[in-house]
Amino acid sequence: MKVIEVNNLVKKYNDFTAVNNINFSVDEGEVFGFLGPNGAGKSTTIKILSTLLTLTSGKAYLNGYDVQKEPNKVRSSIGLVFQETTLDERLTAKENLVFHAMLYGIPKKIYQKRLQQVLEIVELTDRVDTLVKTFSGGMKRRLEIARGLLHYPKVIFLDEPTVGLDLQTRSRIWEYIHQLRKTEGVTIFLTTHYMDEAENCNRIAIIDNGKIVALNTPEKLKERVSGDIVTMASADNNRLYKRLINEFGLEAEMIKDGVQVETAKGETFIPQLISKLPNEITYISLRKPTLNDVFLKLTGREIREELLDGKEIMRARLGRRSRFK
């Protein structure tokens, strides 16, 4: 069953197109990811699906409800965890959850039981009466996940759920995500620019400049890169690049501090290459393709965090000023 359906979705800010005619669907119980750099249109799409932004054209449905025509029904079907914390740090963990339950109209008998359940999922039962301002970044993110689950949502949106967290905390957050999918049956829709996070998804939509450039499982996406990745360097990388093309017939690519090629059998290719260029190669490495290689192949650049320019800052401010209809 499709819990999310998006058809020809467009979002414009004056003359800028943030989301450019995208189409996709998400199955119930799936972990679905948007992978792309900052400014690609990931957060904008989530805000449209969660009714925080209105779309310019196209259609979007969540849990069978039209996000434009039935926003209240959509909101009752979703949980939200955004990049920036939205907890009230002057309140305790319990008070934050109770306030959320009241906003959603959850009866007291139900939310008292549910509150204990969600705190157990994220291992915060011992901090239930602690002020949130004393929490670490990872604890706040865990509490936000618990809050998003409190009203039994069909879909929980996680917008860059582990940004700014250390590797150990990021790994633990993902344990919670997999656990809630298994025990709660909830659909997970996340955005990320972390490659290791994207590997956790059942399917990934790679988005760039507002367009979906590929959508498939992580394994299928990596099959787009034809073989092993061999990276090398020499005293003159431009000369090495030309020799690899002209003398070896390879599709070489200039990268930072070196040259990169794809080859079916890297283990046998490397000795052959070094024997023909014994005094030219100063560095060489071999690895299997990653999702970053897929993004590089599709877009011509790597995913990385980029500084916001003036237009992007304005768009971010416009997004923050958005209100429920």
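Note that the structure is predicted; figures quoted are calculated from it, not measured.

> Would you mind going over the sheet that holds strand β11 (residues 228–234) with me for this structure?
Within a sheet, adjacent strands bond to each other through the backbone by hydrogen bonds, running parallel or antiparallel. Pairing is antiparallel in the open sheet, where four strands are placed in the order β12-β13-β11-β14. Pairing within the sheet leaves two strands with one partner each, and these edge strands are β12 (253–255) and β14 (281–287). When the angles between neighbouring strand axes are averaged without regard to direction, this sheet yields 30 degrees. In this sheet, β14 lies alongside β11 in antiparallel orientation, the contact comprising six bridges. Bridge pairing in β14 links I229 to R287.

> Would you explain the pairing of strand β10 (residues 211–216) in this entry?
If a strand is regular, its side chains alternate between the two faces of the sheet. The pairing of strand β9 (residues 203–208) with β10 spans five bridges and is classified as antiparallel. Looking at β10, one finds that A205 is bridged to L215.

> Quick question: what am I supposed to make of a nonpolar patch on the surface here?
A cluster of nonpolar side chains, F99, L103 and Y104, forms an exposed patch at the surface whose accessible area comes to about 330 Å². Along the polypeptide, Y104 turns up in the loop between α3 (93–103) and α4 (108–121).

> Sorry if this is basic, but what is going on with the sheet that holds strand β3 (residues 31–35) here?
Strands sit in the order β6-β7-β8-β3-β9-β10 across an open sheet of six strands; the sheet is mixed. The open sheet has two edge strands, β6 (78–81) and β10, and neither has a second partner. Here the strands of the sheet are splayed against their neighbours by 15 degrees on average, with no regard to which way each runs. The sheet contact formed by strand β7 (residues 155–159) and strand β8 (residues 187–192) spans five bridges and is parallel. By the bridge assignment for β8, F157 is matched with F189. Helix α5 (residues 137–149) contacts β6 and β7 of the sheet and is inclined by roughly 165 degrees relative to β6. Relative to β9, helix α11 (residues 291–299) is tilted by about 40 degrees, and along the sheet it contacts β3, β9 and β10.

> Got a minute to help me understand helix α10 (residues 266–276) in this structure?
Note that an α-helix has 3.6 residues per turn; residues three or four places apart therefore point the same way. Burial in α10 covers these residues: G266, F269, I270 and L273. One side of α10 carries all its buried residues, which in axial view fall inside an arc of 100 degrees. Those residues of α10 that are exposed and angled more than 90 degrees off the buried face are E267 and S275.

About the cut-offs
Residues numbered from 1 in each chain as written. Predicted model: local features only at pLDDT ≥ 70, side-chain atom pairs only at ≥ 80, totals over all residues. Heavy atoms only, no water. Pairing = 2+ DSSP bridges. Helix = DSSP H or I, 4+ residues; strand = E, 2+ residues; numbered from the N terminus. Axes fitted to C-alpha atoms, helices over the stretch in contact; angles between N-to-C directions. Patch = residues over 30% accessible without salt bridge, like charges linked within 9 Å, V, L, I, M, F, W, Y side chains within 5 Å. Areas by Shrake-Rupley, 256 points an atom, 1.4 Å probe, with all protein chains shown as cover. Salt bridge = Lys/Arg side-chain N within 4 Å of Asp/Glu carboxyl O. Contact = heavy atoms within 4.5 Å. Buried < 20%, exposed > 50% of the residue type's maximum accessible area, 1.4 Å probe, protein only. Arc of directions from axis to C-beta.

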